[in-house]
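Descriptive structure summary
In case you want the letters, here they are:
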Amino acid sequence: MKTSTEPLNLLNYVNGEWTGKYSATFSIINPATKEIIGTMPDGTKEDVLGAIEGAQAAFEIWRRFTAEDRSNYLEKFYQRIIERKEEIARIITLENGKPLKEARGEVLYAASFVKWYAEEGKRVYGKTIPSKSNGQRIQVLKQPLGVVAAITPWNFPAAMITRKMAPALAAGCTFIVKPPKETPLTAAKLMECADEAGLPSGVVNMVVTPDEVFSETIQTSEEVRKLTFTGSTEVGRLLMKQSADLIKNISLELGGQAPLIVLDDADIEKAIEGTMASKFRNAGQTCICANRLYVQSGIYDAFVSKLKVKIEELQVGNGLEDNVDIGPLINQAGYDKVVRHVEDALKRGAKAEVGGKGYQNDVQDAPFYPPTLLLEAKEDMLCMKEETFGPVVPIQKIESDEEAIRLANDSPFGLAAYYFTESMARGTKFAEALDYGIIGWNHGAPSTAQAPFGGMKQSGLGREGGSEGIEAFLETKYLSIGID
Ligand code: SIN
């Protein structure tokens with residue numbers, strides 16, 4: 001299916017101006033068709049410096065607005081995203097590949113952060129603390145950090161921007177985002193919504209530029225007080241080292257390698273529904289999607305046969321087509337990783353019950369990988385140790401709760417974990433024993449604006465979403481008042 005859309009030639013957004021009209025450009029490719037769907041200018045160091053200058057000047061104004069005023073701007077921004085939902089969803093599908101129904105869901109998910117933080121910004125309370133002497137009063141003030149820089153990923157081109165931007169703005173910070181080269185058009189559309197909402201110049205900025213240009217410029221800037229990043233653990237580690245020089249505040253939402261455990265007293269329908277929801281969202285390209293399954297022997301056969309039927313029903317194709325459940329992977333590198341994981345598993349003794357081979361599409365070499373079910377998975381397989389980021393379900397049979405917990409925790413990552421049991425006692429023990437920042441008990445879709453999202457161990461630092469999400473953009477100031 002051809003896209004049949006005029007290419008979108010969009011620009012960077014710096015201090016309230018659309019910039020880069022005369023710069024060299026790069027093309028954005030639809031992974032499902034390999035067509036060029038648009039261009040963006042290659043942002044330069046000067047663009048990033050311009051954004052920092054604009055954001056710093058705007059900070060002095062924005063921080064003095066009342067929380068109520070900032071909330072009103074965010075409310076208008078939310079309205080614009082909702083009004084333009086269909087247009088933005090289509091762009092997400094074109095540049096990311098995810099099915100249109102998921103892209104529509106992502107726009108609503110992205111907007112929900114704006115709505116929620118429009119409210120939460122009004123509830124940034126400090127506190128007073130009883131002092132040990134009559135001559136002193138103690139107050140704790142919460143104030144915005146300053147200019148925030150964000151580096152966002154391609155797997156949720158809209159939601160990973162608003163999950164950072166909305167709390168930053170609500171807290172009184174100003175914001176510069178560098179979206180990825182795969183999905184900058186969605187980011188530019190969000191900037192249009194912010195512009196139409198009347199956000200003052202410099203409050204939000206977007207520069208698409210090579211990673212090293214962006215990180216070097218912001219990491220050496222005293223004005224940029226915070227860096228917030230979603231992406232790989234490898235890049236997160238590098239950013240953390242770089243931010244040490246100026247002791248920059250940093251939040252990292254990094255890789256996951258989520259275990260999903262089905263215990264023999266699970267409600268099998270809930271377990272199947274939760275597995276499908278967790279595993280196949282965005283063709284398995286989410287940081288929290290189930291990567292490896294552990295299924296207890298008493299329920300193993302029934303679970304596998306039901307899951308197999310569900311997986312075989314999934315339709316693979318261009319996300320713009322009706323009824324498509326699984327779009328292409330983002331690019332050839334993503335595809336090659338999935339192939340490597342599946343081939344490694346097969347070589348080490350796994351059995352492909354469904355799928356197991358790529359290129360299921362008429363577009364030559366488009367990175368489609370079919371939903372794949374691998375049985376007899378073992379600890380030594382790549383797919384049980386590393387994040388696959390594809391529609392692959394490897395299952396290892398387990399016998400006991402202890403074995404499930406040991407295998408689940410045997411990972412340097414700690415973002416999300418899932419388990420299915422109808423027993424309150426067993427479920428409570430699992431919740432406490434699993435070393436993960438997000439736990440889904442009988443639930444495969446935990447993400448929501450109201451709750452803290454983030455990982456333990458090498459999955460990151462800090463939380464996004466919920467009241468923790470705004471705290472990440474606030475300084476705590478202690479005020480000691482002598483009244484004698
Ligand atoms: C991610 O993959 O990093 C985000 C997924 C989500 O917000 O649910």
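These remarks concern the structure in this document. (Residues numbered from 1 in each chain as written. Predicted model: local features only at pLDDT ≥ 70, side-chain atom pairs only at ≥ 80, totals over all residues. Heavy atoms only, no water.)

**Digging into the overall build of the protein**
Looking only at helices and strands, the protein features 15 helices and 23 strands. Relative to its length of 484 residues, the protein is compact, with a C-alpha radius of gyration of 23 Å against a globular reference of 23 Å. In terms of principal-axis extent, the alpha carbons of the protein reach across some 75 × 65 × 40 Å. Scored against the burial criterion, the 484 residues of the protein give a buried share of 56%. Long-range contacts, defined as pairs at least 24 residues apart, comprise 74% of the intrachain contacts of the protein with a sequence gap of at least 6. Element-wise, carbon and sulfur atoms account for 51% of the exposed surface of the protein, whose accessible area totals about 19,500 Å². Separation between the mean location of the 54 positive side-chain charges and that of the 66 negative ones in the protein comes to 3 Å. (Helix = DSSP H or I, 4+ residues; strand = E, 2+ residues; numbered from the N terminus. Rg over C-alpha atoms; globule rule 2.2 N^0.38 Å. Buried < 20%, exposed > 50% of the residue type's maximum accessible area, 1.4 Å probe, protein only. Contact = heavy atoms within 4.5 Å. Areas by Shrake-Rupley, 256 points an atom, 1.4 Å probe, with all protein chains shown as cover. Lys, Arg positive; Asp, Glu negative; His and termini not counted. Charge placed at Lys NZ, Arg CZ, Asp CG, Glu CD.)

**Quick word on unusual backbone geometry**
Notably, alanine 283 is not glycine yet its phi reads approximately 55°, a positive angle. Summarising the element assignment, alanine 283 is placed in the loop between helix H9 (268-280) and strand S14 (290-296). Overall, alanine 283 belongs to the buried group, its relative accessible area being 3%. Of note, asparagine 323 is a non-glycine position whose phi angle comes to about 65°, a positive value. Mapped onto the elements of the fold, asparagine 323 is located in the loop between helix H10 (297-313) and helix H11 (332-347).

**Focus on the sheet that holds strand S4 (residues 25-29)**
Pairing in this open sheet of three strands is mixed, and the strands run S1-S5-S4 from one edge to the other. Where the open sheet ends on each side, the last strands, each with one partner, are strand S1 (8-9) and S4. Sheet analysis places S1 next to strand S5 (residues 36-41), joined by two bridges and oriented parallel. Considered in S5, the bridge of leucine 8 is made with glycine 38. Together, S1, S4 and S5 form the strand contacts of helix H6 (residues 184-196), whose direction differs from that of S5 by roughly 65°. (Pairing = 2+ DSSP bridges. Axes fitted to C-alpha atoms, helices over the stretch in contact; angles between N-to-C directions.)

**Here's the deal with the pairing of strand S16 (residues 372-375)**
Both faces of S16 are covered, namely the face carrying Thr372 and Leu374 and the face carrying Leu373 and Leu375. Two strands pair when backbone bridges link them, and strand S15 (residues 351-354) and S16 are joined in this way by three bridges, in the antiparallel orientation. For valine 354, the partnering residue across the bridge sits in S16 and is leucine 373. In terms of strand pairing, S16 meets strand S17 (residues 392-398) through three bridges, oriented parallel. The partner of leucine 374 across the bridge, within S17, is proline 394.

**Notes on the packing of aromatic side chains**
Two numbers describe a pair of aromatic rings. These are the distance of the centres and the angle of the planes. If you walk through the whole model with that rule in mind, you get 10 aromatic pairs. Seen from their ring centres, tryptophan 62 and tyrosine 73 are 5.6 Å apart, and the 55° between their planes marks the pair as tilted. Here the residue tryptophan 62 occupies a position in helix H1 (residues 45-62), and tyrosine 73 occupies one in helix H2 (residues 67-83), the gap between them amounting to 11 residues. One aromatic cluster is present, built from ring pairs that chain together Trp62, Phe65 and Tyr73. A cation sits over an aromatic face here: lysine 76 above tyrosine 73, 5.5 Å from the ring centre. The ring of phenylalanine 156 has lysine 98 sitting right over it, with the charged end atom 4.0 Å from the ring centre. (Phe/Tyr/Trp six-rings, centres within 6.5 Å; stacked < 30°, edge-to-face > 60°. Lys NZ or Arg CZ within 6 Å of the ring centre and 35° of its normal.)

**Describing the environment of leucine 263**
Relative to the assigned elements, leucine 263 resides in the loop between strand S13 (258-262) and H9. C-alpha of leucine 263 to C-alpha of cysteine 173: the two residues are 90 residues apart in sequence and 45 Å apart in space. Ignoring any residue separated from it by four or fewer positions in sequence, one finds leucine 263 in contact with Gln296, Ile299, Asp401, Phe420, Thr421, Arg426 and Phe430.

**Focus: H6**
In this model, H6 (13 residues) spans 18 Å end to end at C-alpha, consistent with the 18 Å of a helix rising 1.5 Å per residue. Counting buried residues along H6, 11 of its 13 residues qualify, which places the element largely inside the surrounding structure. Looking only at H6, the buried set comprises Pro184, Leu185, Thr186, Ala187, Ala188, Lys189, Leu190, Met191, Glu192, Cys193 and Ala194. (Expected span 1.5 Å × (residues − 1).)

**Brief notes about the site of the ligand**
What surrounds the ligand is the set Tyr109, Asn155, Phe156, Met160, Arg163, Glu253, Arg281, Thr286, Cys287, Ile288, Ser447 and Phe453. Cysteine 287 is positioned such that a nitrogen or oxygen atom in its backbone is 2.7 Å from an oxygen atom of the ligand. Alone, the ligand offers 260 Å² of accessible surface; in the complex the protein occludes 100% of this. Looking at the shell around the ligand, its residues break down into six nonpolar, three polar and three charged. When residues of the shell around the ligand are sorted by domain, at least three fall in each of domain 1 (8-254 + 459-479) and domain 2 (258-448). (Near = heavy atom within 4 Å. Polar contact = N/O pair within 3.5 Å; in protein donor to acceptor, adjacent residues only side chain to side chain. Nonpolar A, V, L, I, M, F, W, Y, C, P; charged D, E, K, R; others polar. Domains from an automatic or database assignment.)

**Here we look at the sheet that holds strand S6 (residues 127-129)**
Read across the sheet, three strands follow the order S6-S7-S23 without closing on themselves; strand pairing throughout is antiparallel. Edge positions in the sheet fall to S6 and strand S23 (474-482), since each of these pairs with one other strand and no more. Here the strands of the sheet are splayed against their neighbours by 25° on average, with no regard to which way each runs. Sheet topology places strand S7 (residues 136-144) next to S23; nine bridges connect them, and they run antiparallel. Looking at the pairing, proline 144 lines up with leucine 474 of S23.

**Regarding the side chain of threonine 93**
Position of threonine 93 relative to the elements: it lies in helix H3 (residues 85-96). Engagement of the side chain of threonine 93 in a polar contact is seen with the backbone oxygen of lysine 98, the distance being 3.0 Å. Once residues lying within four places of it in the same chain are set aside, the contact partners of threonine 93 are Lys98, Pro99, Leu100, Ala103, Gly319 and Leu320.

**Let's talk about the environment of aspartate 69**
Checked against the element boundaries, aspartate 69 lands in helix H2. Relative accessible area serves as the criterion here: at 34%, aspartate 69 is assigned to the partly exposed category. On a C-alpha basis, the gap between aspartate 69 and leucine 320 in space is 39 Å, while along the polypeptide they are 251 residues apart.

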